[in-house]
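Take a look at the letters that make up each chain.
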Amino acid sequence: MTKRFGGVTAVDDVSFDVPKGAFATLLGPSGCGKTTTLRTIAGFYDPDAGDIQIGGRRVNELPAHRRGTAMVFQDYALFPHMTVRDNVAYGLRVAHTGAAERTRRVRETLAFVGLTGLEDRWPSQLSGGQQQRVAVARALVIEPQVLLLDEPLSNLDAKLREQLRVELRTLQRRLGMTFVYVTHDQGEALSLSDWIAVMNAGKVEQAGEPWEIYYHPRTAFLADFVGAVNLVPARVSELAETTVTVTFGTHRAQVRRPPDVTVTAGHDVLLCVRPESFSITPAAPADRNGIALEGTVARRAFLGDTMRYWVRVDDREWIVDQPDPGAASPLDGAVSLSVRPERVHVIAE
Amino acid sequence: MRSLRREPVLLLALLAVVALVLTFIVYPQVQVVIAPGPSGYVDFLQGGTWIGPLRNSVEVTLLSTTTAVLLGFVYAYAMVYSHMPWKPFFRVIGILPLLSPPFVVAASYLLLFGPRGIVTYGVFGQSPIIFGLFGIWGVQTIAYFPFAYQLIADVLSRSDARMEQAARNLGAGPWRVFWTVTLPLSRPGLGAAILTTAIYVLEDFGNPQIIGGIFTVLPTQAYSLISGFGDFTSAAAVSTILLLLALGLYVAKIRLDGGRAFVTVSGRASSMPRPPVPLGLSAACFVACLALAALLVLVYGTLVVSAFTAVFPTNLTFTVRHFEFVATGTNGDALRNTLTFSVVAAAFSAVFALFAGWLVQRGTWPGRGALDFLLIMPAAIPGIFFGIGYLTAFNQAWLDWVNRGWLIIIAMIFWNIPVGYQAAVAGLRQVDRSLDEAATSLGASKLRGFRDVLVPMLGGSLRVGFVTTFVRAVTTLSVVIFLFTPATTVATIRIYQLVNDLNWGGATAFTVADIGMAIVALVIFAALARGRIALGAARA
């Protein structure tokens, strides 16, 4: 699918398939085309090229209100002149659902999202989290084929965001409904999704399971966008069937050979290592099974659940996370790092 | 466009709106402009009869606009910035002239300063010749400074009090803040207010007609060419010149404010306090406003006193005889017609404007810019031109089966579209598109979403369109002067005729009844709308 606005190509020949019943997430920085993609699925934009199919049926020619794609908006878009009950009942009323069934479904859905008792409130009388739940209930009650969510948690504070994340995930599991979720928050994407497509500059850089995206990113952009990472230039010296031998600085290591990526001996690559993949100890002979680096602590930052160190090794700083930092006093001076070879991922440049 | 193809009902609605706009806004105006034909224009221009009125129109517009804007500015500055007492009183006095036909100021002026005027003859024993340029200048100044006041007060009250507070905080005095912060920031708005006032003055027909004498301006020349000589070709040519002038002013105004500003008189107070002004300045403002208010009270008070006295000013015996005259026969019909026509026109105009505003503001089809322009354009069309347009286009034998009252109503609807339309567009801009999309994603068609979600939220825009159209319909003379028939005459026409007959008791009682009726109607609307009405003072 391709979508242009004037001379700007917002979505550039993007193609993907969301499994039925999956929690799918479009992840990317602002302006990457993820919201445009979502809105094109909803029918608010017409694609300039390509097809949109829902449940195997091409919906390009269906107007937005006939697509069965309810949407939850970033600012909730609750109707301010309707009570919670009327907001949730709106879609059913439009569909001429009988009064009795309407009442029942509104009651059930509100109970489902934990809003029983607030039926007669106006949107302006609700907290952000409650408004968000009304928005979800309003979309769910019409039992859409696909629920589209456009950064629905971005206006909430961090604590509430995490709580609602869990609720959304649970909800989706229980309903088995296909969700397409748009966010720029990689943590949200990783924790919620069955499937993630990372978008950049109108294209899908990589799509797959969260685990795959996080540990085996195909590009440097991806590695950097999804969490903190050490990206280290290296050179391929030897190739084996399942392993690659790389050199970086004075070091030499044998790591996993990435599938479906061409690497050739003598070429430059990037090594991608997540900070938490290291173990860090006071300078001492490190774990002989792994790749060992000797360095000195340049800076550190206490992040609560981890201590982040910037460790200088030769002329390069590595980011290293130490879990459970309260267990010992902070490290300083000379340290040893080690990482297991399978935690080092090779990105072809 | 594709979305229209998918929703045929929406496409039909759009086509209907376009058809109405073409029929009732474009077609009549084109009829007037092309009526003289190329040779007609050549003959007319060579005849040179238009040079005098054109010069007069330009001259009087420059003079009256200047003085009206100066007085309006003083009043507005006093209301927005000073800490003078009696502001609610001054606010009411400032709104009242908007509810009256502007040309009654000329009638009052005759009573006060005419050859047998209460001041000139009664006090000084003089019978000066007051017709002509100076009379018009004075009358238009008084008639239009309240309009200028409303426009300027709106611009000034929008200026950001925080900027002024910041400037004061940096050490600038009130005078300096005004000249270096307030004025530069509101310059486009003030420019637009001045140009809008100029359009009012330029197209004023009633005042020059009543006290112009041989001093002819373009609107009065167009009128007398038709009513006196039946020379329709020349009248069309004269009104086209008038239209070009008004369009020029209007285009300049749009360049200044983007054609988007409209004024609402809702009595809202600024949320952030403005920095204090010196006590002396407030006192001076108070004196100035008192003088201006006294002038307005004198002008309108004269009308009221005359309406209740036997023969003003010689026999001041109290009587309701004039009101009995106003309530009976054709006069009573005229009053009833005014009410019916204005209410019907206001309702249709407000609803149509809202719908058209929605189609333009939320639509994605090609040609929206053109429709937008056509819906704003009537604001630039002088009433006399609009009336001649309807006369030409629709006063046809094959339309005789149509009640002529409908012609007046339709003229009022479309002449006043811009106010409601711009209120609707402004209102729609306040409503995030995600609300429409939410309705759509829940299964509502665009029309359904408009009805269920947007209309209930745009009550303010509807009320502005309704009230403003109502007031302008009640007070207009020039639009209806070519369209009325004995059975469909309206109050402004009767007032104008009674002034011409020198039936002062009748004319003034009619004026009081007309204004009174407008006020009562507005009070009822306000009660129905739970007090939330706002009057768009400007022609958008």
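Residues numbered from 1 in each chain as written. Chains lettered and ligands numbered in written order. Predicted model: local features only at pLDDT ≥ 70, side-chain atom pairs only at ≥ 80, totals over all residues. Heavy atoms only, no water.

Engineer: Looking at this model, I keep getting lost on the overall build of chain A. Mind explaining?
Structural biologist: A count of helices and strands for chain A gives eight helices and 20 strands. Expressed along its principal axes, the backbone C-alpha trace of chain A runs to roughly 75 × 50 × 35 Å. Each of the 349 residues in chain A was classed as buried or not, and the buried ones make up 50%. Across chain A, the fraction of contacts at a sequence separation of at least 24, relative to all contacts at a separation of at least 6, is 65%. (Helix = DSSP H or I, 4+ residues; strand = E, 2+ residues; numbered from the N terminus. Buried < 20%, exposed > 50% of the residue type's maximum accessible area, 1.4 Å probe, protein only. Contact = heavy atoms within 4.5 Å.)

Engineer: I'm lost on the overall build of chain B in this one. Help?
Structural biologist: The helix and strand tally for chain B stands at 24 helices and two strands. With respect to the three principal axes, the spread of C-alpha positions in chain B is 80 × 70 × 50 Å. The buried share among the 540 residues of chain B stands at 58%. A separation threshold of at least 6 residues defines the contact pool for chain B, and within that pool the share at least 24 residues apart is 81%. Roughly 21600 Å² of accessible area belongs to chain B as shown, and the carbon and sulfur atoms make up 69% of that amount. Of the charged side chains in chain B, 33 are positive and 20 negative; the average position of the first set lies 9 Å away from that of the second. (Areas by Shrake-Rupley, 256 points an atom, 1.4 Å probe, with all protein chains shown as cover. Lys, Arg positive; Asp, Glu negative; His and termini not counted. Charge placed at Lys NZ, Arg CZ, Asp CG, Glu CD.)

Engineer: So what exactly am I meant to see when it comes to the packing of aromatic side chains here?
Structural biologist: Note on aromatic pairs: each is described by the distance of the centres and the angle between the planes. One pass over the full model with this rule turns up 46 aromatic pairs over all chains. Taking the centre distance of 5.3 Å and the plane angle of 45° together, the rings of Phe-23 of chain A and Phe-179 of chain A count as tilted. With a gap of 156 residues between them, Phe-23 of chain A in strand β3 (residues 23-27) and Phe-179 of chain A in strand β8 (residues 178-183) connect regions that are remote in the sequence. Accessibility classification places Phe-23 of chain A together with Phe-179 of chain A in one group, the buried group. Their ring planes at 5° and their centres at 5.7 Å tell us that Phe-308 of chain B and Phe-318 of chain B sit as a pair that is stacked. (Phe/Tyr/Trp six-rings, centres within 6.5 Å; stacked < 30°, edge-to-face > 60°.)

Engineer: Is there a simple way to explain the environment of Phe-286 of chain B in this structure?
Structural biologist: Residue and element names in this part refer to chain B. Along the chain, the position of Phe-286 falls in helix α13 (residues 279-308). Sequence separation between Phe-286 and Val-201 is 85 residues; the distance between their C-alpha atoms is 27 Å. In this view, Phe-286 contacts Met-84, Pro-85, Trp-86 and Phe-90; residues no more than four positions away in its chain are not counted.

Engineer: Any chance you could explain the side chain of Ser-82 of chain B here in plain terms?
Structural biologist: Residue and element names in this part refer to chain B. Structurally, Ser-82 is set in the loop between α4 (51-81) and α5 (87-95). Overall, the relative accessible area of 1% leaves Ser-82 in the buried class. Polar contacts involving the side chain of Ser-82 include one to the main-chain amide nitrogen of Met-84, which spans 3.3 Å. When neighbours within four sequence positions are excluded, Ser-82 is seen to be in contact with Tyr-77, Lys-87, Val-277, Ser-282 and Cys-285. (Polar contact = N/O pair within 3.5 Å; in protein donor to acceptor, adjacent residues only side chain to side chain.)

Engineer: Looking at this model, I keep getting lost on the pattern of salt bridges. Mind explaining?
Structural biologist: When the charged atoms of two side chains lie near each other, side chains of opposite charge can form a pair. Residue and element names in this part refer to chain A. Inspection of the entire model under this criterion finds 24 salt bridges over all chains. One salt bridge connects Glu-108 with Arg-104, and the closest N-O pair in it is separated by 3.2 Å. Of this pair, Glu-108 and Arg-104 both sit in helix α3 (residues 99-112), four residues apart, which is roughly one turn of that helix. Here the residues in one salt-bridge network are Glu-101, Arg-104, Arg-105 and Glu-108, joined through shared partners. (Salt bridge = Lys/Arg side-chain N within 4 Å of Asp/Glu carboxyl O.)

Engineer: Looking at this structure, how should I read the confidence of the model for chain B?
Structural biologist: Predicted confidence across chain B gives a mean pLDDT of 85, with 93% of residues reaching 70 or more. Contacts of residues 261-270 of chain B to residues separated by more than four positions or lying in other chains number 30 contacts, the stretch itself having pLDDT below 50. (pLDDT = per-residue confidence, 0-100.)

Engineer: Would you explain the domain arrangement of chain B in this entry?
Structural biologist: How big an interface is tends to be stated in terms of accessible area lost as the parts join. Residues and elements named next belong to chain B. Once the domains are mapped, chain B shows domain 1 (1-33 + 322-540) and domain 2 (35-319). Computed from C-alpha coordinates alone, the two centres of domain 1 and domain 2 are separated by 23 Å. At the junction of the two partners, domain 1 supplies 54 residues and domain 2 supplies 57 residues. Roughly 4600 Å² is buried in total at the junction of domain 1 and domain 2, and carbon and sulfur atoms are behind 74% of that figure. One can count zero salt bridges joining domain 1 with domain 2. Across the domain 1-domain 2 interface, the total number found is nine residue pairs in polar contact (both at pLDDT 80 or more). Elements with a minimum of two residues in the side of domain 1 that touches domain 2: α2 (8-34), α14 (321-327), α16 (368-376), α17 (383-394), α19 (417-430), α22 (459-475), α23 (491-500) and α24 (504-528). A class-by-class count of the residues in the side of domain 1 that touches domain 2 yields 37 nonpolar, twelve polar and five charged. (Domains from an automatic or database assignment. Buried area = accessible area lost by both parts, 1.4 Å probe. Nonpolar A, V, L, I, M, F, W, Y, C, P; charged D, E, K, R; others polar.)

Engineer: Would you take a moment to explain the pairing of strand β16 (residues 291-302) of chain A for this structure?
Structural biologist: Successive side chains on a regular strand alternate, one facing one side of the sheet and the next facing the other. Residue and element names in this part refer to chain A. Sheet analysis places β16 next to strand β19 (residues 334-339), joined by six bridges and oriented antiparallel. When the sheet's bridge partners are listed, Leu-293 is paired in β19 with Leu-337. Alignment of β16 against strand β17 (residues 306-313), held across six bridges, turns out to be antiparallel. Of the residues in β17, the one forming a bridge with Ala-301 is Arg-308. (Pairing = 2+ DSSP bridges.)

Engineer: Whenever I open this one, α19 of chain B confuses me. Can you help?
Structural biologist: An α-helical turn contains 3.6 residues, so a residue and the one three or four places further along point in the same direction. Residue and element names in this part refer to chain B. In a regular helix each residue adds 1.5 Å, so 14 residues correspond to 20 Å; α19 covers 20 Å between its end C-alpha atoms and thus fits that length. Residues Ile-417, Pro-418, Val-419, Gly-420, Tyr-421, Gln-422, Ala-423, Ala-424, Val-425, Gly-427 and Leu-428 constitute the buried set of α19. For α19, the secondary structure elements touched by its buried residues are α12 (232-257), α15 (329-362), α16, α18 (404-415), α21 (446-457) and α22. (Expected span 1.5 Å × (residues − 1).)

Engineer: How should I be thinking about the state of the cysteines in this particular structure?
Structural biologist: All names here are of chain A. Tallying each qualifying case throughout the model produces zero disulfides over all chains. For the unlinked cysteine Cys-32, the closest cysteine sulfur is that of Cys-272, found at 20 Å. The exposure class of Cys-272 is buried, given its relative accessible area of 2%. (Disulfide = S-S within 2.5 Å.)

Engineer: Looking at this structure, how should I read the nonpolar core?
Structural biologist: Soluble globular proteins tend to bury their nonpolar side chains together. Counting 188 residues, the largest nonpolar core has Phe-79 and Tyr-90 of chain A together with Tyr-75, Leu-375, Tyr-390, Phe-414 and Ile-481 of chain B as its most contacted members. Per element, the largest residue contribution to this core is 15 residues, and it comes from helix α7 (residues 133-158) of chain B. In this view, Tyr-75 of chain B contacts Phe-90, Ile-93, Gly-94, Phe-145, Tyr-149, Cys-289 and Leu-292 of chain B; residues no more than four positions away in its chain are not counted. (Core = buried A, V, L, I, M, F, W, Y, C linked by side-chain atoms within 4.5 Å.)

Engineer: Help me understand the interface of chain A and chain B in this model?
Structural biologist: Contacts between the two partners involve 28 residues from chain A and, on the opposite side, 23 residues from chain B. Sorting the residues of chain A by area buried against chain B places His-65, His-81 and Tyr-90 of chain A first, and these three jointly supply 27% of that buried surface. The interface formed by chain A and chain B contains one salt bridge. In this structure, Glu-437 of chain B engages Arg-39 of chain A in a salt bridge whose closest nitrogen and oxygen atoms are separated by 2.3 Å. At the junction of chain A with chain B, the criterion picks out five residue pairs in polar contact (both at pLDDT 80 or more). Secondary-structure elements contributing two or more residues to the side of chain A that touches chain B are β6 (69-72), α2 (84-94) and α4 (128-140) of chain A. Among the elements that line the side of chain A that touches chain B, the one with the most residues is α2 of chain A, at four residues. Grouping the constituent residues of the side of chain A that touches chain B by class yields 17 nonpolar, five polar and six charged.

Engineer: Please clarify how the sheet that holds strand β9 (residues 195-200) of chain A should be interpreted in this entry.
Structural biologist: The pairing of strands in a sheet comes from backbone hydrogen bonds and takes either a parallel or an antiparallel form. All names here are of chain A. Reading across the sheet, the six strands line up as β6-β7-β8-β3-β9-β10 and stay open at both edges, with mixed pairing between neighbours. Single-partner strands in this sheet number two, and they are β6 and β10 (203-208). Within this sheet the neighbouring strands show an average axis-to-axis angle of 20°, counted without direction. Looking at chain direction, β9 and β10 are connected through five bridges and run antiparallel. Residue pairing across strands places Ile-196 opposite Gly-208, the latter belonging to β10. Strand contacts of helix α1 (residues 34-42): β3, β6, β7 (146-150), β8 and β9, with the helix running at about 145° to β7, the strand carrying the most contacts. (Axes fitted to C-alpha atoms, helices over the stretch in contact; angles between N-to-C directions.)

Engineer: Whenever I open this one, the packing of α7 of chain B against helix α9 (residues 174-203) of chain B confuses me. Can you help?
Structural biologist: Residue and element names in this part refer to chain B. Interaxial distance between α7 and α9 falls to 9 Å at its minimum, and their mutual angle equals 150°. With respect to each other, α7 and α9 are oriented roughly antiparallel. Crossing of α7 over α9 shows right-handed handedness. On α9, the residues touching Gln-140, Tyr-144, Phe-147, Ala-148, Leu-151, Ile-152, Val-155 and Leu-156 of α7 are Thr-182, Ser-186, Gly-189, Leu-190, Ala-193, Thr-196, Thr-197, Tyr-200 and Val-201. Taken together, the residues of the contact of α7 with α9 break down into eleven nonpolar, six polar and no charged. (Parallel < 35°, antiparallel > 145°, perpendicular 65-115°, else oblique. Left-handed = near helix turned anticlockwise from the far one by under 90°.)

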